[in-house]
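Here is what each chain is made of, one letter per residue.
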Amino acid sequence: MNGHSAIRNPQSAIPITFTLNGKPVSLGVDPAARLLDTLRYQLALTGTKEGCGEGECGACTVYLDGVPVNSCLVPTYQVRGQRVETVESLEPGALEPFERCGATQCGACTPGVVMTASWIREHPELLATHSIRELMAGNLCRCTGYDGIVDSVAEALREPGSGKRDT
Amino acid sequence: MRRREALAKLTGRERYVDDLPLDDFLWGMTVRSPAPRGRVTAIRFGTDIAWPEFVVVDHRDIPGPNVVALIEQDQPVLAAGYVRHVHEPVLLLAHPSREALRRAARSIEVVVAPEPPALDFRAPPGPAEIQYGTDNVLKRLQIVKGDVERALARAAVVVSGTYETGAQEHVYLEPQGMIASFEGAVLVVKGSMQCPYYVLKALQHALAREEALVRVIQTPTGGGFGGKEEFPSHIALHAALLALKSGRPVKLIYDRGEDMAATTKRHPALVRHRTGLGRDGRLLAQDIEVVIDGGAYVTLSPVVLSRAIIHAAGPYACDHVRISGRAMFTNAVPFGAFRGFGAPQSQFAGERHMDVIARTLGMDAVELRRINLLADGQSTATGQVIQDGTDRLAVMERALELSRYREKQRGHAAFNATHATLRRGSGLATFYHGAGFTGGGEVALQSRVRVAGRPDGRIEVLSANIEMGQGTLTVFTELAAARLGVAPEDVTVAEADTARVPNSGPTVASRTTMIVGGLLERAADDLRRRVGLDDTARGAAVQQAIRRWHREHPGEPLVGEAAYERPPGIAWDDTTYRGDAYGAFAWAAYVAEVEVDLRTCATRVIDFVAVQEVGKVLNPTLAKGQVQGGVVQGIGWALMEECKWREGAMANNQLTNYLIPTSDDVPSVRVAFLENPYPHGAGGAKGLGELPIDGPAPAIANAVARATGADPRAIPLTPEKLMELLEIADFGLRIADSAP
Ligand code: FES
Ligand code: FES
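Just so we're clear, the structure is a prediction, and the values are computed from it rather than from any experiment.

Caption draft 1: View of the overall build of chain B. When its secondary structure is counted, chain B shows 19 helices and 28 strands. Taken against the 2.2 N^0.38 rule, which gives 27 Å for 740 residues, the C-alpha radius of gyration of chain B at 27 Å falls within 12% of a compact globule. Taken over the C-alpha atoms alone, chain B extends approximately 90 × 75 × 50 Å along its principal axes. Across chain B, the fraction of contacts at a sequence separation of at least 24, relative to all contacts at a separation of at least 6, is 81%.

Shown next, in the form of structure tokens:
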């Protein structure tokens, strides 16, 4: 483990087990640790980004039991026994429309964008009541102006396999 | 070609500064001034902290001059007993635990004996507030063309107006951060930045180190927009000082709150216009005054002011122009580079003023622009004769046509007459943006680019220009591949590491593609000559020759190089501010359609058309993305992004109370390009990155005026501000109604 450890006081560490990207993990976490920091600094999964640390930007989006959440707002001890999935779990092949349509520029928002977008792709029924723009509104992007992102999601929904996975 | 690093970004594999693996390091943190001005009388350290565990740095630990080297040498690395703005850095701390560090920083009290701060750049400072020269003016500039007073006296109509624009926070999604460490005697600083050589220069200067003992490496940068132009030098110095003192690697990453509070923002501005016109609406005289808030140190304000005044008269022909500019010292957190660099402020004023003129004259706003837009052979305010063959009227016509401007105007009239609570309108802005450094700036930079041929026949581009989302890696790959006729897969772009790449200047001012890309093309030609080929040799022939050269010169580097040369026929006089301000201008016409809800006074942009002429478009996906991103930043600046101030510092330094547009706040931005290849730009391209931030705010304010009858003169046009304006307009209407 590198010096990134989020544990401030080893005595107070809480032992927890959860499923991370399909594999069980057990570790001790500081009671105050945020899931975002545990992922990034304790487990070296740096794909999940911090844009604001207060639940506004969506750069830290992960799935908790299949539902997108802002990992900066989740205390790590709360995920005990749950399924956590990060951007590292996504199938790169499914990201082709995002590459093609200009969904990423600087990339800082991108892992979060891709997580929300992939979730929409798995739940196309949401589009009966919400627009892509509404569904993506929790992911701030300062570079693209959103057209590249919205177009990519629309393209991805057109691809075969959309809506298949159930969570 | 698709964005080179797209897949790495999409999969989360791209490693930004805070993602880099690092062993046995300390976290760094900055302790800042609580007051806008005064002497530091004491620094009290909390008694419940185990201070021997901490590394503590103050100004006495700086080996060289206590200055962050930039235009003027006035800004300290760490305050030395006196502070000039809230959040000015005073102390640095480092510790292995970030939590312990935060607790320790909170326990420190910086005590300041307060002195009267200057906080309003618009008002003349009181005697006790003077802190720079005799009048707090950081920089004064003037452009004079013809005889403006005489022309105003003779004009049939004179229209005056005062306009204001607010500060804007960059909100690059990746907050700023640096890592400093040592490789032997060499200080290595890595981080998020636009200008590796600015950082190198600042480190050398304040740390009194020779260039060979400092190495700066740009890490993938999560957005910049100017916010990572000059500011990263501060963080680099802070991290380096902590690393020097502790002998360990130090990582200094800002969280969002610190980033928004302590880093630079777009300069607030006040612009006054006095315009003389003929009865036909022809511009006869433009008298313009531009005042910007510089904040507590000079930073880049003189050059921001320069670009602001050069763009202030708009893309119009007028024989008598006077533009006076002032950058004011205040005890605010220093303002800095932000996409557009002064031009968005002065063109907001100019383009809103055009509509105010049209309304005063009872003229159509399109017609007013049509008769005044620059034609080839006419000159700008600095006397630069425009002769680029671009049909600026066609740019405007295309925007009107794509937005169905006329049809919609009729539709809006009918809609507004019948709808109880909603009002719609469209607004137009025609504008321009000069690409590259102003005047002699590019000559002074002396940028150099190298293109290397590798032993395996591959090509490597070496430059200090960086990728921050705008597409440098992709465009440089495409340019080198096209120039040498090789496959893009055979081209690599070197990491911007000052130990390896030459100084090709900063990644700012829309210069990377047009100017640095042009050097890249010439460096590729030079490489080809070095292997004995002429400029017609392409593809396999070039790669074979490179491999052969390496067999004949084992172990030697094969590098082509090019240095900046001023395009022919360009002349600029920095003392009189006359001449060719830029090698090229990009031209644009934007149309915004808005819907205002009279119940909430909220304005929504429901359609946006952006038409521009930027020379040859090198990569349509990237170019379109730049425009769309710039427009949405402009929508934010126009309608919602409001910095609230407390003693010269941002009080709403969170994304919960400083709102930027979400996907649901903005429409699709419809983009079109007219192409007129620029002979001196790479592949015929002109600069593009900044242009799109100039047009949205005036187009939107003009649309709101059209929709509601209000007369907005300031942005951001938040619902509260619009409510006040509508009450005024409504009052005016009732007075008019009750008139006999
Ligand atoms: S970092 Fe979690 S929402 Fe912004
Ligand atoms: S790509 Fe930069 S913030 Fe979205």
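Caption draft 2: Quick look at the overall build of chain A. In terms of regular secondary structure, chain A is built from five helices and five strands. Counting from the amino terminus, chain A carries its helices and strands in the arrangement β-β-α-β-β-β-α-α-α-α. Summarising its shape, the C-alpha atoms of chain A cover approximately 50 × 30 × 25 Å along the three principal directions. In chain A, buried positions account for 54% of the 167 residues. Nonlocal contacts in chain A, meaning residues at least 24 apart in sequence, comprise 58% of its contacts between residues at least 6 apart. With an accessible surface of roughly 6400 Å², chain A has 53% of that area assigned to carbon and sulfur atoms.

Caption draft 3: How the structure looks around the nonpolar core. Residues and elements named next belong to chain B. With 151 residues, the main nonpolar core has V290, I323, F608 and I700 as its most contacted residues. For F608, the contacting residues outside a window of four places in its chain are Y590, V591, A592, V631, I635, P667, S668, V669, R670 and P696. Counting residues in each nonpolar core, the second largest holds 40 residues, with V77, M193, Y197 and L200 among its members.

Caption draft 4: Spotlight on empty space enclosed by the protein. Residues and elements named next belong to chain B. Taken as a whole and assessed by the stated rule, the structure comprises eight cavities of 30 Å³ or more. For the largest cavity, the lining is made up of 20 residues, of which Q75, H85, P89, F231 and H234 are closest to its centre. As a volume, the second largest cavity reaches approximately 90 Å³. Lining of the second largest cavity is provided by 16 residues; of these, H273, Q286, A313, G350 and M354 occupy positions nearest its centre. Taken together, the elements giving at least two residues each to the lining of the second largest cavity come down to strand 13 (269-277), strand 14 (283-295) and helix 8 (343-361).

Caption draft 5: How the structure looks around the packing of helix 8 of chain B against helix 18 (residues 696-708) of chain B. Residues and elements named next belong to chain B. It is the contact of helix 8 with helix 18, at a shortest axis distance of 8 Å, that shows an interaxial angle of 30°. Viewed along their axes, helix 8 and helix 18 adopt a mutual orientation that is roughly parallel. For the pair helix 8 and helix 18, the sense of crossing is right-handed. Residues Q347, F348, E351, R352, D355 and R359 of helix 8 lie in contact with helix 18, whose contacting residues are A697, P698, A701, N702, A705 and R706. For the contact of helix 8 with helix 18, a count of residues per class yields five nonpolar, two polar and five charged.

Caption draft 6: Structural detail: the packing of aromatic side chains. Residues and elements named next belong to chain B. Taken as a whole and assessed by the stated rule, the structure comprises 13 aromatic pairs over all chains. Centroid distance F231 to Y254: 6.2 Å. Interplanar angle 65°. Geometry classified as edge-to-face. A residue pair is termed long-range when its members are at least 10 positions apart, and F231 in the loop between strand 11 (214-218) and helix 5 (232-246) and Y254 in the loop between strand 12 (250-253) and helix 6 (256-262) qualify at 23 residues. Comparing F231 with Y254, the two get one shared label, buried. Between Y590 and F608, the ring centres sit 5.7 Å apart and the planes meet at 80°, which makes this aromatic pair edge-to-face. Taken as a pair, Y590 in strand 23 (residues 584-597) and F608 in strand 24 (residues 602-613) lie far apart in primary sequence, 18 residues in all. For the pair formed by Y590 and F608, the shared burial category is buried. Ring pairing ties together the aromatic residues Y432, Y582, F585 and W587, which thus form one cluster. One cation-aromatic arrangement involves R266 over W637; the distance from NZ or CZ to the ring centre is 5.0 Å.

Caption draft 7: The arrangement of the interface of chain A and chain B in detail. Contact with chain A, which involves 46 residues of that partner, is made by 59 residues of chain B. Around 4300 Å² of area is buried between chain A and chain B when both sides are counted, 54% of it from carbon and sulfur atoms. The largest contributions to the chain A side of the interface with chain B come from E99, Q105 and R142 of chain A, which together make up 19% of the buried area. Counting every contact that joins chain A to chain B gives five salt bridges. When the shortest N-O distance is used, the salt bridge between D19 of chain B and K49 of chain A registers 2.4 Å.

Caption draft 8: How the structure looks around the pattern of salt bridges. Scanning the model with the defined rule gives 71 salt bridges over all chains in all. Among the ionic pairs, D280 of chain B bridges to R282 of chain B, the shortest N-O distance being 3.6 Å. Judged by relative accessible area, which is 44%, D280 of chain B ranks as partly exposed. A residue is classified by how much of its surface remains accessible, and R282 of chain B, at 41% relative accessible area, is partly exposed. One salt-bridge network, in which partners are shared between bridges, spans E96, R100, E155, R158 and E159 of chain A together with R2 of chain B.

Caption draft 9: Molecular detail of the confidence of the model for chain A. Looking at chain A, pLDDT values average 92 and 90% of them are 70 or higher. Under a pLDDT of 50 for its full length, residues 1-8 of chain A has, in the predicted model, 25 contacts with residues more than four places off or in other chains.

Caption draft 10: Layout of the packing of helix 9 (residues 365-372) of chain B against helix 10 (residues 392-402) of chain B. Residue and element names in this part refer to chain B. In the contact formed by helix 9 and helix 10, the axes pass within 10 Å of each other and the chain directions differ by 160°. The orientation of helix 9 with respect to helix 10, classified from their angle, is roughly antiparallel. Where helix 9 crosses over helix 10, the handedness of that crossing is left-handed. Each of V366, R369 and R370 in helix 9 lies in contact with helix 10, whose residues at this interface are L393, M396, E397 and L400. Of the residues belonging to the contact of helix 9 with helix 10, the class tally is four nonpolar, no polar and three charged.

Caption draft 11: Region of interest: the sheet that holds strand 2 (residues 38-44) of chain B. Residues and elements named next belong to chain B. Judged by pairing direction, the sheet is antiparallel, and its three strands sit side by side in the order 4-2-6 without closing on themselves. The open sheet has two edge strands, strand 4 (82-83) and strand 6 (109-114), and neither has a second partner. Relative to strand 4, strand 2 is paired through two bridges, and the arrangement is antiparallel. Counted as the bridge partner of G38 is V83 from strand 4.

Caption draft 12: Representation of helix 13 (residues 472-484) of chain B in the model. Residue and element names in this part refer to chain B. Here helix 13 contains 13 residues, and its C-alpha end-to-end distance of 18 Å stays within 8% of the 18 Å for a straight helix at 1.5 Å per residue. Within helix 13, 10 of the 13 residues are buried, which leaves the element mostly enclosed by the surrounding structure. Of all the positions in helix 13, only T472, T474, V475, F476, T477, E478, L479, A480, A481 and L484 are classed as buried. At its buried positions, helix 13 is contacted by strand 18 (459-462), strand 19 (491-493), helix 14 (512-530), helix 15 (540-552) and helix 16 (620-639). Among the residues trailing helix 13, G485 stands out with phi positive, at a value near 70°.

Caption draft 13: Fine view of helix 2 (residues 98-107) of chain B. Within the sequence span of helix 2 of chain B, burial applies to R98, A100, L101, A104 and A105 of chain B. What you see down the axis of helix 2 of chain B is that its buried residues fit within an arc of 155°, all on one side. Looking at the buried positions of helix 2 of chain B, the neighbouring elements they touch are helix 1 (35-42) of chain A together with strand 1 (26-32), strand 5 (89-95) and strand 12 of chain B. Its side-chain oxygen placed 3.3 Å from the backbone nitrogen of E99 of chain B, S97 of chain B serves as the N-cap of helix 2 of chain B.

Caption draft 14: Just the environment of L520 of chain B, in detail. All names here are of chain B. The residue L520 is located in helix 14 in this model. Judged by its relative accessible area of 0%, L520 is buried. For L520 and F476, which are 44 residues apart along the polypeptide, the C-alpha to C-alpha distance reads 7.7 Å. Beyond its immediate sequence surroundings of up to four residues, L520 is in contact with V449, V451, V461, F476, L479 and A480.

Caption draft 15: The arrangement of the domain arrangement of chain B in detail. Here chain B is partitioned into domain 1 (16-116 + 186-207 + 225-255), domain 2 (392-433 + 583-740) and domain 3 (441-563). Placing the centre of domain 1 of chain B and that of domain 2 of chain B at their C-alpha centroids yields a distance of 39 Å.

Caption draft 16: Broad picture of the domain arrangement of chain A. Residue and element names in this part refer to chain A. According to the domain assignment, chain A contains domain 1 (12-88) and domain 2 (90-158). Put simply, the middle of domain 1 and the middle of domain 2, counted by C-alpha atoms, are 21 Å apart. Taking both sides of the interface into account, the surface hidden between domain 1 and domain 2 amounts to around 1100 Å²; carbon and sulfur atoms contribute 59%. Joining domain 1 to domain 2, the criterion identifies zero salt bridges. Sorting the residues of the side of domain 1 that touches domain 2 by element identifies strand 3 (61-64) and strand 4 (67-70) as the ones contributing at least two each. Residue contributions to the side of domain 1 that touches domain 2 peak at three residues, all from strand 3. Of the residues that constitute the side of domain 1 that touches domain 2, the class distribution is seven nonpolar, five polar and four charged.

Conventions used here
- Residues numbered from 1 in each chain as written.
- Chains lettered and ligands numbered in written order.
- Predicted model: local features only at pLDDT ≥ 70, side-chain atom pairs only at ≥ 80, totals over all residues.
- Heavy atoms only, no water.
- Helix = DSSP H or I, 4+ residues; strand = E, 2+ residues; numbered from the N terminus.
- Rg over C-alpha atoms; globule rule 2.2 N^0.38 Å.
- Contact = heavy atoms within 4.5 Å.
- Buried < 20%, exposed > 50% of the residue type's maximum accessible area, 1.4 Å probe, protein only.
- Areas by Shrake-Rupley, 256 points an atom, 1.4 Å probe, with all protein chains shown as cover.
- Core = buried A, V, L, I, M, F, W, Y, C linked by side-chain atoms within 4.5 Å.
- 1 Å grid on protein atoms, 1.4 Å probe; cavity = no way out; pocket = protein on both sides within 12 Å on 5 of 7 lines; lining within 4 Å.
- Points joined across faces, edges and corners; volume = space filled by probe spheres on them.
- Axes fitted to C-alpha atoms, helices over the stretch in contact; angles between N-to-C directions.
- Parallel < 35°, antiparallel > 145°, perpendicular 65-115°, else oblique.
- Left-handed = near helix turned anticlockwise from the far one by under 90°.
- Nonpolar A, V, L, I, M, F, W, Y, C, P; charged D, E, K, R; others polar.
- Phe/Tyr/Trp six-rings, centres within 6.5 Å; stacked < 30°, edge-to-face > 60°.
- Lys NZ or Arg CZ within 6 Å of the ring centre and 35° of its normal.
- Buried area = accessible area lost by both parts, 1.4 Å probe.
- Salt bridge = Lys/Arg side-chain N within 4 Å of Asp/Glu carboxyl O.
- pLDDT = per-residue confidence, 0-100.
- Pairing = 2+ DSSP bridges.
- Expected span 1.5 Å × (residues − 1).
- Arc of directions from axis to C-beta.
- Polar contact = N/O pair within 3.5 Å; in protein donor to acceptor, adjacent residues only side chain to side chain.
- Domains from an automatic or database assignment.

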